[in-house]
Amino acid sequence: MSNTEIIDILELTAKLMELHDGDAFKIKSFQTAAFNLDKTSEDLTKLSFPELIKLPGVGKAVAGKVLQIVETGRLQDLDDLLAQTPEGVLQMFRIKGIGAKKIRMLWRELGIDTIRDLRLACESGEIARIKGFGEKTQQAILDSLVFLENQTGKLRMDKAEALANMLLDVFEKEFSRVEITGQVRQKAEEVETVQFVISTANPVAAFAFLNSLSYLEQNVIESTPFVWRGQASGYEVMLEIVTAAPGQFESQLFIHSAAEKHLATTGSTGWTLLQTSMAFPAEAEEAVYQRAGLPYVVPEMREGNHEFVWSQNHSPNDLVTWDALRGILHNHSTYSDGKHSLEQMATYCRELGFQYFGIADHSQTASYAHGLEPYRIRQQHEEIDRLNEQFGGSFRILKGIESDILGDGSLDYDDEILASFDYVVASVHSNLSMTSEKATARLISAIQNPYTTILGHPTGRLLLARAGYPIDYKAVIDACAERGVVIEINASPWRLDIDWRWIQYAISKGVMLSINPDAHEMAGFHDMHYGVGVARKGGLTKNMTFNALTLKEMETYLQSRRQRI
Ligand SMILES: [Zn+2]
Ligand SMILES: [Zn+2]
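Residues numbered from 1 in each chain as written. Chains lettered and ligands numbered in written order. Predicted model: local features only at pLDDT ≥ 70, side-chain atom pairs only at ≥ 80, totals over all residues. Heavy atoms only, no water.

Let's shift gears to the sheet that holds strand β4 (residues 193-199). Reading across from one edge, β2-β4-β7-β6-β5 is the order of the five strands in this open sheet, with mixed pairing throughout. With one partner strand each, in any of the chains shown, β2 (178-181) and β5 (216-218) form the two edges of the open sheet. Averaged over all pairs of adjacent strands, the angle between strand axes in this sheet comes to 30 degrees, irrespective of strand direction. Each of β2, β4, β5, β6 (227-232) and β7 (238-244) touches helix α10 (residues 157-174); the most contacted strand, β4, lies at about 20 degrees to it. (Pairing = 2+ DSSP bridges. Helix = DSSP H or I, 4+ residues; strand = E, 2+ residues; numbered from the N terminus. Axes fitted to C-alpha atoms, helices over the stretch in contact; angles between N-to-C directions. Contact = heavy atoms within 4.5 Å.)

In structure tokens form, the structure reads like this:
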């Protein structure tokens, strides 16, 4: 253990004591010791207790702590404090411009305990209104959040795609052929490497071009003569640019768009896909599958999981697409915490060519999001009736609600009010730290409520920010199958929840999935793009996609469900 590591532990302990309103004297003693130890040239791991207390700024208490760190590699005080601190609150210490006191205020007084909530609060202007914060601090927090988000070494799908597309524009001007490959092409929900294949007969010249771009920095050690590796400035994610001679381009494109296990699959010819592609490097992907005697698999499904089992009963044309979607079901408006009005949202939905818009604002318990009390539901329903009259028969607003699943698994209104909706999305938003048993029981009890139509974001995860509560996926999906409840694929790139790895199981049980953007503004509808990406990755077919039902089919479905209650 190095001096720096020991000092870091003392500093973090001091910060967390401050966060938890600990004893001021004790905090000061940790801070002073850390400050002074940072200047010492002695190796702290070699010092005895008497030697430690001779150092300036180090009292007996802290000397004991240093010994504990050296001997055990950890500090009990810190472990205890960490156990009481939510992950998201801990992450706030990385934000420039706010210290323990401000973080404490955000957490304790405003209930903000994730980076995402903090960001939303900044974006809505809520933070600037808090005493002691103001417009400037709010902007500083936002700037720092943007920076940190790009620094974690991983990017969410939306950010990675944006970065890839930006670079694609540049590369396309220089090279005769360029394709995005790897995790972005394969629609991974978290991306560690943004990858391209470029066509060039001259890798040296290609590298020279890449290195002439001021915002790219090559990592010479990681690179090879044919693969440029490095980073784009402002991003910690790995950037990998594979050069391919024109005659090898197809093969390189294919090999970099599939998992190893997928490439190792042997077809009826006795050759693997990898062998086939390498033997016929100029052949396009479809032809490679054909030559190997295997059915074609789309890039997003090439995971080496069960794609060839899936292929026995389905073809790529069965997969859901954006164009197959007929309506959008999980959305918010200014009635709860959305940015745009019900009319704006619905009108835009119709402009995009959809047949129905399902409003699902928050329910009454979600007071932080202006959840709807019964009288406001009535107001909303009156407005919907009025708007539907204007829209005529070809487009309809469906009356939904995103009802909180309360701690005991019940929904957030009595039956009379629940009966006034066309459909109900049931989601967990509070008390997220649960054991798998508790969470599963809570979800199943909500699934068993006859008014539940769709189970919303089943685990509550926020990618790269919050893990989500553990659930027994099979038990939850089985319960949905038994009750005819649809499961959401929340299409927000923050969530992508249910995880695509469970789509096949759900389908095998006859459970339909709904690709829901959880849009809080008009532009939010476009998040369905990411939902479609992961849905296809999981093998979701059009006929098992709930919001691929036409308006007529949807109305019939919802009506018959209501009759069964
Ligand atoms: Zn929700
Ligand atoms: Zn929602």
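So much for the structure itself; the text now carries on.
Axis angle and axis distance: for two packed helices, these are the angle between their axes and the distance between the axes, and together they describe the pair. At a closest axis distance of 10 Å, the pairing of helix α2 (residues 24-37) and helix α4 (residues 60-72) adopts a crossing angle of 65 degrees. Considering only the axes of α2 and α4, their crossing is right-handed. Across from Ser29, Phe30, Ala33 and Leu37 in α2, the residues of α4 making contact are Val62, Lys65 and Val66. Partitioning the contact of α2 with α4 into residue classes produces five nonpolar, one polar and one charged. (Left-handed = near helix turned anticlockwise from the far one by under 90°. Nonpolar A, V, L, I, M, F, W, Y, C, P; charged D, E, K, R; others polar.)

Positionally, Glu553 belongs in helix α25 (residues 551-564). On a C-alpha basis, the gap between Glu553 and Ser394 in space is 13 Å, while along the polypeptide they are 159 residues apart.

The element β7 is extensively covered by neighbouring structure, given that six of its seven residues are classed as buried. Where β4 and β7 come together, seven bridges link them in parallel fashion. Bridge pairing in β7 links Thr193 to Met238. Note that β6 and β7 share four bridges and pair antiparallel. (Buried < 20%, exposed > 50% of the residue type's maximum accessible area, 1.4 Å probe, protein only.)

On to the side chain of Arg461. Along the chain, the position of Arg461 falls in the loop between β12 (454-455) and α22 (473-483). Exposure remark for Arg461: the relative accessible area of 11% places this residue in the buried category. Here the side chain of Arg461 touches Leu496 through a polar contact of 2.6 Å, landing on its backbone oxygen. Separated by 2.8 Å, the side chains of Arg461 and Asp499 make a polar contact. The contacts of Arg461, once residues within four sequence positions are left out, are Glu189, Arg466, Ala467, Gly468, Trp494, Arg495, Leu496, Asp497 and Asp499. (Polar contact = N/O pair within 3.5 Å; in protein donor to acceptor, adjacent residues only side chain to side chain.)

Turning our attention to the coordination of the zinc ion (ligand 1). The protein atoms that coordinate the zinc ion (ligand 1) are Glu402 (OE), His429 (NE2) and His457 (NE2), at distances of 2.1 to 2.2 Å. One chain supplies every donor to the zinc ion (ligand 1), and in sequence these donors are spaced E-x26-H-x27-H. Separation of the zinc ion (ligand 1) from the zinc ion (ligand 2) amounts to 3.3 Å, with Glu402 serving as a shared donor to the pair. Residue Glu402 is found in strand β10 (residues 396-404), and its partner His457 is found in the loop between β12 and α22; the two are separated by 55 residues along the sequence. The two residues Glu402 and His457 agree in class, both being buried. (Donors = N, O, S within 2.8 Å, 3.2 Å for Na, K, Ca; no water.)

It is at 11 Å that the axes of helix α18 (residues 342-351) and helix α19 (residues 374-391) come closest, and there the two elements cross at 35 degrees. Seen along the crossing, α18 lies across α19 with a hand that is right-handed. Facing α18, whose interface residues are Leu342, Glu343, Ala346, Thr347 and Arg350, α19 presents Gln380, Glu383, Ile384, Leu387, Gln390 and Phe391. Of the residues belonging to the contact of α18 with α19, the class tally is five nonpolar, three polar and three charged.

The subject of this paragraph is the coordination of the zinc ion (ligand 2). Only His330 (NE2), His332 (NE2), Glu402 (OE) and Asp518 (OD) from the protein reach the zinc ion (ligand 2) as donors, at distances of 2.1 to 2.2 Å. Coordination geometry of the zinc ion (ligand 2): the four donor atoms subtend angles of 83 to 171 degrees at the metal centre, consistent with an arrangement described as irregular. All donors of the zinc ion (ligand 2) belong to a single chain; written as a sequence motif, their spacing is H-x1-H-x69-E-x115-D. (Tetrahedral: all angles 85-135°; square planar, octahedral: opposite > 155°, others 65-115°.)

What follows deals with helix α8 (residues 115-123). Among the residues of α8, Ile115, Arg116, Leu118, Arg119, Ala121 and Cys122 are the ones counted as buried. Packing partners of the buried residues in α8 comprise α6 (87-91), α7 (100-110) and α9 (134-149).

Moving on: the pattern of salt bridges. Throughout the structure, instances matching the rule amount to 27 salt bridges. Put simply, Asp79 and Arg74 hold a salt bridge, and the shortest N to O gap is 2.9 Å. Look at Asp79 and you get partly exposed, because its relative accessible area is 22%. Overall, Arg74 belongs to the partly exposed group, its relative accessible area being 49%. Three or more residues joined by partner-sharing salt bridges are found here, namely Glu189, Arg461, Asp499 and Arg501. (Salt bridge = Lys/Arg side-chain N within 4 Å of Asp/Glu carboxyl O.)

In this fold, Lys399 is placed in strand β10. Within polar-contact distance, the side chain of Lys399 engages the side chain of Asp385 at 2.9 Å. In this view, Lys399 contacts Ile359, His381, Ile384, Asp385, Ser420, Phe421, Asp422 and Tyr423; residues no more than four positions away in its chain are not counted.

Bringing the pairing of strand β13 (residues 486-490) into the picture now. Judged by how many residues are buried, β13 sits mostly within the fold: five of five residues are covered. Across the two faces of β13 the burial is the same, with Val486, Glu488 and Asn490 and Ile487 and Ile489 all buried. As judged from the two bridges shared by β12 and β13, these two strands associate in the parallel manner. Bridge pairing in β13 places Ile454 opposite Val486. Taking the sense of rotation as the criterion, the β-α-β connection linking β12, α22 and β13 turns out right-handed. Where β13 meets strand β14 (residues 513-516), four bridges bridge the pair, whose relative direction is parallel. Bridge pairing in β14 places Asn490 opposite Asn516. (Right-handed = clockwise from strand over helix to strand, strands pointing away.)

Under the criterion given, the structure shown has 13 aromatic pairs. Between Trp271 and Phe280, the ring centres sit 6.4 Å apart and the planes meet at 35 degrees, which makes this aromatic pair tilted. A relative accessible area of 41% means that Trp271 is categorised as partly exposed. Site record: aromatic cluster; members linked through ring pairs are Phe254, Tyr289 and Tyr296. Here the guanidinium or amino end of Arg291 rests over the ring plane of Phe280, the centre of that ring lying 3.8 Å away. In this arrangement the basic side chain of Lys537 is found over the ring face of Trp500, its NZ or CZ atom lying 4.9 Å from the centre. (Phe/Tyr/Trp six-rings, centres within 6.5 Å; stacked < 30°, edge-to-face > 60°. Lys NZ or Arg CZ within 6 Å of the ring centre and 35° of its normal.)

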